[in-house]
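Remarks on the overall topology
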Amino acid sequence: MTAGEYRARLERTRRRQADAERRAASLRRREATARASATQQRSSAARTHSTGLRDGRLRSAARREKEANRAARDAASWEARGALLGKRAAALDVLWAEADAEEREAVETVLRHERREAMLRIASEQTRLDTRITLTEGKMNDVIRHLRAPRPEPLRVLMLGAAAGGDLRIPREQARIRTAVERALHRDLVELDAHPAATADHLLDGLTRFRPHVVHFSGHSAADLVVFEQDTDRFHDGAVVSARAFARAIAAVDEQPLLVLLNSCDSAPQAARLVDTVPLAIGMSASIGDIDAITYAARFYAAVADGQSIRSAHAQGRVAIEMAGLLDHDLPTLFHAADVDPSTALLVSPPPVAPPPLPTPTDDNSEPVAGP
């Protein structure tokens, strides 16, 4: 029998014991009342001179005494029953305590085993990582995988929004991002391609034609899917694309994006898997509010366009949510490949500015002085 079953039986037994004790107490009160009445009737009979009255009061006293005796017998029976139930409750209490201790010990044993297995997995992973680091040390080009070398071209951001049911403020988010970039320090180095009602074809066309460095998705998602729109003018349920198919589309082009940002609910598991394909990915660890998501995205891209690292831009986006008094600041989650450092990853890096030419030395007559 389990601890829960023993506890249930113990509670039932204690309730029955309490009921028996209440019944016994009630009967004892009835007994006392009847005996007191019988005593009063006898006393009254002794004081009367009428034979009829005396006999009537004595008969009444006898009846009250009989009632008292009957109440006493019933009370004793209930008292005995309560005592027996008390003994049963005490025994059940011991059995429940033993069963509960055994179950707790079993749970603790399982937890210890799981902790031991977790420690072994961590140790194994650490050994594997140490081996990998050892093999790569001394190879200057392989110590850290840098993002592909910056080219004299703007950062291209493909913004895909999908809200087939019309329940998300996709145009508002894309407008906020565009405004944030336009006010940034290096606004001329960022190019946005926005699709507020994106279909799966917009993703595929954008990957090959726009060749984005960043793919930004806003809409509905889950751990294993994203929802695009269908090519229709009516509100609809959307077109579900599996997370696997989405990741394979990202990987299918010759030059994969550097970052995929899934600004959608419960997308962190997808982002964690995407770093097998791209260096950096961001997802939401739970269901995020619409305003929270917009606030994060606007501040993130403002920081990127100001020349901040990905880690800094991500941190600023989360802080912007918190400073706005919103609740979901801890939901945006940054993932990166094992050999990429987000604190040094810059998506916008302005070209170096050539120093101004030195003035030509002249003599007092403002004639150029010949060099040696």
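Heads up: these notes are all about the structure in this document. (Residues numbered from 1 in each chain as written. Predicted model: local features only at pLDDT ≥ 70, side-chain atom pairs only at ≥ 80, totals over all residues. Heavy atoms only, no water.)

1. Here's the deal with the pattern of salt bridges
This is how it is decided: Every case where a carboxyl oxygen of Asp or Glu lies within 4 Å of a side-chain nitrogen of Lys or Arg is listed as a salt bridge. A run of H or I in DSSP counts as a helix once it spans at least four residues, and a run of E counts as a strand once it spans at least two, with each numbered from the N terminus. A 1.4 Å probe rolled over the protein chains alone gives each residue an accessible area, and that area as a share of the maximum for its type sets the label: buried under 20%, exposed over 50%, partly exposed in between.
On inspection of all chains with the given rule, the structure shows 16 salt bridges. Asp19 is paired through a salt bridge with Arg22; the nearest N and O atoms lie 3.6 Å apart. In this pair, Asp19 and Arg22 are both assigned in helix α1 (residues 3-47), three residues apart and thus about one turn of the helix distant. On the basis of relative accessible area, Asp19 is assigned to the partly exposed category, the value being 28%. According to the relative accessible area criterion, Arg22 is exposed, its value standing at 53%. With a shortest N-O distance of 3.9 Å, Asp205 and Arg209 are connected by a salt bridge. One end of the pair is Asp205 and the other is Arg209, both in helix α4 (residues 200-210) and four residues apart, which spans about a single turn.

2. Quick notes on the nonpolar core
Formally: In this text, buried Ala, Val, Leu, Ile, Met, Phe, Trp, Tyr and Cys residues form a nonpolar core when linked through side-chain atoms within 4.5 Å. We call two residues in contact when some of their heavy atoms are within 4.5 Å.
Core analysis: the biggest nonpolar cluster contains 35 residues, and Phe300 and Ile310 have the highest contact counts within it. Within the residue set of this core, elements represented by two or more residues are β1 (155-161), α3 (170-182), β2 (190-195), β6 (259-264), β7 (280-284), α7 (290-305) and α8 (310-323). With residues up to four places along the chain from it excluded, the contact list for Phe300 reads Leu259, Leu261, Ile282, Ile310, Ala313, His314 and Gly317.

3. Here's the deal with the pairing of β7
Condition: Only when DSSP finds a minimum of two bridges between them are two strands counted as paired. Handedness of a crossover is defined as follows: orient the strands so they point away from the viewer, and if the path from the first strand over the helix to the second runs clockwise, the crossover is right-handed.
Of all five residues that make up β7, five are buried, and the element is covered over most of its length. Judged by which residues are buried, β7 turns out to be covered on both faces: Leu280, Ile282 and Met284 on one side and Ala281 and Gly283 on the other are all buried. The pairing of β6 with β7 spans three bridges and is parallel. The residue of β7 that forms the bridge with Leu261 is Ile282. For the segment spanning β6, helix α6 (residues 268-274) and β7, crossover handedness is right-handed.

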